[in-house]
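# Commentary on secondary and tertiary structure
Now for the letters of each chain:
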Amino acid sequence: MARKKNAPAPRDERRAAEYYKLNLKAVDDLVEADVSNSPKVSEEELRKYRSGPKLRLSEGLKALLIKAWFNGATCFFFLWGLGTYLNDPLDQLVILGLALGAVNDLLTNNVYRFYARTPGANDRWMMFPQPAFWTLPLNLVYALALLFCVVTTYNAVNAALIHLTRAASDSVPLGVGPILFGVFATAWDMIFITIKHTARSVLTDARRAAKGE
């Protein structure tokens, strides 16, 4: 019997069957793929296919920028924002210190936990990394001590500027602004966190040495 006009040849039918069979297998492999049966791909290779800006910040720089931004924002909203309603400088500092501790505990630390690649990966950037309710009063007290160091830094810088420029002794060459406040607060915060990690490391090494490990 003659083959009908425009009917596919047997060879074309076999090619089509093989093509669809191959694609069905690819779909099945994609559906069944998981961590156990997928090939390992380097982080550098994955970056080529990720969307977003190509500028990649280091984890340390990212953590410092987040901390400095929240510290500066606290200064902007609570010192500049409430400065017109509170005339007593001591009241302003107390409210600023309490706000700094609350923001650090409720916002900054939670941001660190949110974008951490693994649980606890960003704990090294927090003074009290435990996600518990009792860290809030600790952060409030810690922020007041931190604010004292920041105020002392401003006073020292202003005293040096007055001495260098021969300005009036009661002048304030360097006023408090959100950006520089955020830098000073972040610098002191990291100094204290570094001291904490160093002290913990020394104690751990001493315990191991005492046990003969």
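A brief look at the structure comes next. What you are looking at is a predicted structure, and each value in this text was computed from that prediction instead of being measured.

## A word on the side chain of Lys67
Relative to the helices and strands, Lys67 is located in helix α3 (residues 59-80). Given a relative accessible area of 2%, Lys67 falls into the buried group. Contact partners of Lys67, with chain neighbours within four places excluded, come to Thr108, Tyr112, Trp125, Thr186, Asp189, Met190 and Ile193.

## Side note on helix α6 (residues 178-211)
Between the first and last C-alpha of α6 there are 49 Å, a value that for 34 residues agrees with the 50 Å anticipated at 1.5 Å per step. Buried within α6 are the following residues: Pro178, Phe181, Gly182, Phe184, Ala185, Thr186, Asp189, Met190, Ile193 and Lys196. In this structure, the buried residues of α6 make contact with α3, α4 (89-115) and α5 (135-165). Phi for Gly212, located one or two positions after α6, is positive at around 75 degrees.

## Quick notes on the side chain of Gln92
Mapping Gln92 onto the fold places it in helix α4. Under the relative-accessibility criterion, Gln92 is labelled buried at 19%. A polar contact of 2.4 Å, which involves the side chain of Gln92, links it to the backbone oxygen of Leu86. Once residues lying within four places of it in the same chain are set aside, the contact partners of Gln92 are Leu79, Gly83, Leu86 and Asn87.

## Details of empty space enclosed by the protein
Applying the stated criterion to the full structure yields 1 cavity of 30 Å³ or more. Considered as a void within the structure, the largest cavity measures approximately 60 Å³ in volume. Around the largest cavity sit Asn71, Leu100, Gly101, Asn104, Asn139, Tyr142, Ala143, Leu146 and Asp189, which together line it. Mapped onto the lining of the largest cavity, the elements with two or more residues apiece are α4 and α5. The element contributing the most residues to the lining of the largest cavity is α5, with 4 residues. A per-class count over the lining of the largest cavity returns 4 nonpolar, 4 polar and 1 charged.

## Section: the pattern of salt bridges
Scanning the entire structure with this criterion turns up 2 salt bridges. Lys62 is the partner of Glu59 in a salt bridge, and the nearest nitrogen-oxygen pair spans 3.9 Å. Placement of both Glu59 and Lys62 in helix α3 is noted, with a separation of 3 residues, approximately one turn of the helix.

Calculation notes
Residues numbered from 1 in each chain as written. Predicted model: local features only at pLDDT ≥ 70, side-chain atom pairs only at ≥ 80, totals over all residues. Heavy atoms only, no water. Helix = DSSP H or I, 4+ residues; strand = E, 2+ residues; numbered from the N terminus. Buried < 20%, exposed > 50% of the residue type's maximum accessible area, 1.4 Å probe, protein only. Contact = heavy atoms within 4.5 Å. Expected span 1.5 Å × (residues − 1). Polar contact = N/O pair within 3.5 Å; in protein donor to acceptor, adjacent residues only side chain to side chain. 1 Å grid on protein atoms, 1.4 Å probe; cavity = no way out; pocket = protein on both sides within 12 Å on 5 of 7 lines; lining within 4 Å. Points joined across faces, edges and corners; volume = space filled by probe spheres on them. Nonpolar A, V, L, I, M, F, W, Y, C, P; charged D, E, K, R; others polar. Salt bridge = Lys/Arg side-chain N within 4 Å of Asp/Glu carboxyl O.

This is a description of form; function is not addressed.
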